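# Inside the fold
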Amino acid sequence: MLSCDGVSQKTAGVLSNPRSITVMGSTGSVGTSTVDLLTRSPELFTVEALTANRNVGLLAKQAIELKAKFAVVADVNSYNDLKDALAGTGIEVGAGPEALLEAASRPSDMVMAAIVGFAGLAPTLTAIKRGATILLANKESLVCAGDLMVGEVKRYGANLLPVDSEHNAIFQVFDYQNRAGIDHITLTASGGPFRLFSKAQMDNVTQEQALAHPNWDMGAKISIDSATMVNKGLELIEAAYLFDLPEDKIKVLIHPQSIIHSTVSYVDGSVLAQLGTPDMRTPIACALSWPERLQTPVKQLDLAEISKLTFEHPDCERFPALNLARQALQEHKTIIFNAANEIAVESFLQKTISFTGISKILERAIVSFGSFQMNSLDEIIELDKEVRIWSEELIKSQMI
């Protein structure tokens with residue numbers, strides 16, 4: 001069909017060319033949302049590989065439904081279970097770190113990088129080195145290896161498309177051709193479940209309370225990060241690398257309704273924002289179909305129904321992790337920030353430290369380690385390991 005202005009119009013949701021994809025972390029929150037979109041449009045996407053940590057049952061179900069060529073479970077002890085679940089399907093099966101790298105290296109147009117935490121770094125770099133389009137949901141990759149990743153993207157001609165709702169929002173309204181006209185960007189944050197808690201109340205936060213995010217359905221680690229606002233700190237660091245901006249050009253604003261996902265402010269006073277209902281399928285669909293658009297089942301935004309949008313500055317006394325992330329970025333300690341946080345979150349979930357103890361560990365880690373300029377993956381892995389051991393020993397000592 002042709003519109004009245006002569007621009008070719010395609011049926012909604014139909015891409016110019018079918019695309020192949022590998023989903024790293026297909027059983028997590030972002031992964032399952034991605035799979036949901038893929039199953040709705042089987043004529044538009046073919047699936048090369050799916051990977052999961054240890055959820056064999058869901059991984060096998062997804063692989064069969066999407067007709068994936070290769071399924072990988074990170075937990076080597078789950079290999080036989082996955083092999084049995086996929087027996088007779090013709091789907092190849094793998095397990096362990098090497099199999100994850102193989103999945104990332106197999107030919108596909110796109111790789112959804114949705115493995116949570118530092119574990120996603122090596123597979124993401126592997127996919128970058130074959131020039132794939134990376135749909136980046138694993139913010140820790142850029143946090144821990146920003147300079148290395150950006151350099152490898154340029155070296156191998158890969159594409160990096162942000163999937164986090166905040167970064168995807170900025171991506172959609174960022175004028176790359178006129179960077180001089182950009183004054184700053186603003187990442188919005190819901191404020192999490194403890195936005196109105198006092199400092200005294202936060203000392204007694206339980207795991208169940210911290211996992212109950214008011215707007216988003218996320219996995220345990222990301223939910224805790226959101227509750228401490230570490231997640232927003234990680235996003236701030238990620239934004240610095242994605243959009244090549246200094247730390248002081250990245251602002252954070254609390255927006256409890258999670259309707260405005262982020263904004264770009266221009267020197268002439270214009271502020272461009274991307275709005276939408278809080279559903280991860282919107283930014284995922286944007287990345288899957290870029291530069292086109294993919295129809296989704298997401299509820300259309302009704303501003304009249306919402307009627308009111310509110311904003312406030314973050315309270316960095318109750319949520320110190322945000323300023324600690326800024327400090328880590330300024331002092332080239334982002335690997336330290338991430339590694340200490342992953343250990344602290346796991347300890348909180350295991351009930352060995354308090355909720356406020358997470359930020360205390362981050363602060364001690366940033367003070368205790370010097371600045372590092374990492375030039376290789378091996379160096380990054382070594383420092384990450386050192387910080388994790390240090391954090392575990394600190395927690396055991398009960399000196400926090």
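Just so it is clear, the structure is predicted and the values come from calculations on it, not from any experiment. (Residues numbered from 1 in each chain as written. Predicted model: local features only at pLDDT ≥ 70, side-chain atom pairs only at ≥ 80, totals over all residues. Heavy atoms only, no water.)

### A few points about the overall build of the protein chain
For the protein chain, the helix and strand inventory stands at 17 helices and 11 strands. In terms of overall size, the protein chain behaves like a compact globule, its C-alpha atoms giving a radius of gyration of 21 Å where 400 residues would be expected to give roughly 21 Å. Projected onto its principal axes, the C-alpha positions of the protein chain cover 60 × 55 × 40 Å. For the protein chain, the proportion of its 400 residues judged to be buried stands at 54%. A fraction of 67% describes how many contacts in the protein chain between residues 6 or more apart in sequence connect residues 24 or more apart. Carbon together with sulfur atoms contributes 50% to the accessible area of the protein chain, which is approximately 17800 Å² in total. For the protein chain, the distance from the average site of its 34 positive side-chain charges to the average site of its 47 negative ones is 2 Å. (Helix = DSSP H or I, 4+ residues; strand = E, 2+ residues; numbered from the N terminus. Rg over C-alpha atoms; globule rule 2.2 N^0.38 Å. Buried < 20%, exposed > 50% of the residue type's maximum accessible area, 1.4 Å probe, protein only. Contact = heavy atoms within 4.5 Å. Areas by Shrake-Rupley, 256 points an atom, 1.4 Å probe, with all protein chains shown as cover. Lys, Arg positive; Asp, Glu negative; His and termini not counted. Charge placed at Lys NZ, Arg CZ, Asp CG, Glu CD.)

### Description of empty space enclosed by the protein
Any space left empty among the atoms is revealed by the rolling of a water-sized probe across them. The final tally for this structure, using the stated rule, is 2 cavities of 30 Å³ or more. One number sums up the size of the largest cavity: a volume of about 100 Å³. Lining the largest cavity we find Gly28, Ser29, Val30, Ala114, Ile115, Val116, Gly117, Ala137, Asn138, Lys139, Glu140 and Ile222. If you list the elements that add at least two residues to the lining of the largest cavity, you get helix 1 (29–40) and helix 6 (139–156). Residue classes in the lining of the largest cavity are distributed as 6 nonpolar, 4 polar and 2 charged. Looking at the second largest cavity, its volume works out to about 60 Å³. As for the second largest cavity, its lining consists of 12 residues, and the residues nearest its centre are Ser165, His261, Gln274, Thr282 and Pro283. Going through the elements one at a time, helix 7 (165–173) and helix 12 (281–289) are the ones with two or more residues in the lining of the second largest cavity. For the lining of the second largest cavity, the element with the highest residue contribution is helix 7, accounting for 3 residues. Looking at the lining of the second largest cavity residue by residue, the class counts come to 4 nonpolar, 7 polar and 1 charged. (1 Å grid on protein atoms, 1.4 Å probe; cavity = no way out; pocket = protein on both sides within 12 Å on 5 of 7 lines; lining within 4 Å. Points joined across faces, edges and corners; volume = space filled by probe spheres on them. Nonpolar A, V, L, I, M, F, W, Y, C, P; charged D, E, K, R; others polar.)

### With respect to the packing of helix 15 (residues 334–349) against helix 16 (residues 357–368)
At a minimum axis distance of 9 Å, the contact between helix 15 and helix 16 shows a crossing angle of 150 degrees. As the angle between them shows, helix 15 and helix 16 are arranged roughly antiparallel. In this structure, helix 15 crosses over helix 16, and the sense of that crossing is right-handed. Across from Ile336, Phe337, Ala340, Asn341, Ala344, Val345 and Phe348 in helix 15, the residues of helix 16 making contact are Ile358, Ile361, Leu362, Ala365 and Ile366. (Axes fitted to C-alpha atoms, helices over the stretch in contact; angles between N-to-C directions. Parallel < 35°, antiparallel > 145°, perpendicular 65-115°, else oblique. Left-handed = near helix turned anticlockwise from the far one by under 90°.)

### Quick word on the packing of aromatic side chains
Tallied over the full model, the rule gives 8 aromatic pairs. Where Phe174 meets Tyr176, the ring centres are 4.7 Å apart and the plane angle is 50 degrees; that geometry is what we call tilted. Given a relative accessible area of 6%, Phe174 falls into the buried group. Ring pairing ties together the aromatic residues Phe171, Phe174, Tyr176, Phe243 and Trp290, which thus form one cluster. (Phe/Tyr/Trp six-rings, centres within 6.5 Å; stacked < 30°, edge-to-face > 60°.)

### Examining the sheet that holds strand 6 (residues 133–136)
On the basis of which strands lie adjacent, the open sheet formed by 7 strands has the order 4-3-2-1-5-6-7 and parallel pairing. Edge positions in the sheet fall to strand 4 (92–95) and strand 7 (159–162), since each of these pairs with one other strand and no more. Averaged over all pairs of adjacent strands, the angle between strand axes in this sheet comes to 20 degrees, irrespective of strand direction. Note that strand 6 and strand 7 share 4 bridges and pair parallel. Note that in strand 7 the partner of Leu135 across the bridge is Leu161. (Pairing = 2+ DSSP bridges.)

### Here's the deal with the environment of Ala328
Along the chain, Ala328 turns up in helix 14 (residues 321–330). Measuring from C-alpha to C-alpha, the distance between Ala328 and Glu363 comes to 9.7 Å, with 35 residues separating the pair along the chain. When residues no more than four places from it in sequence are discounted, the contact partners of Ala328 are Lys333, Thr334, Phe337 and Ile366.

Keep in mind these numbers describe shape, not what the thing actually does.
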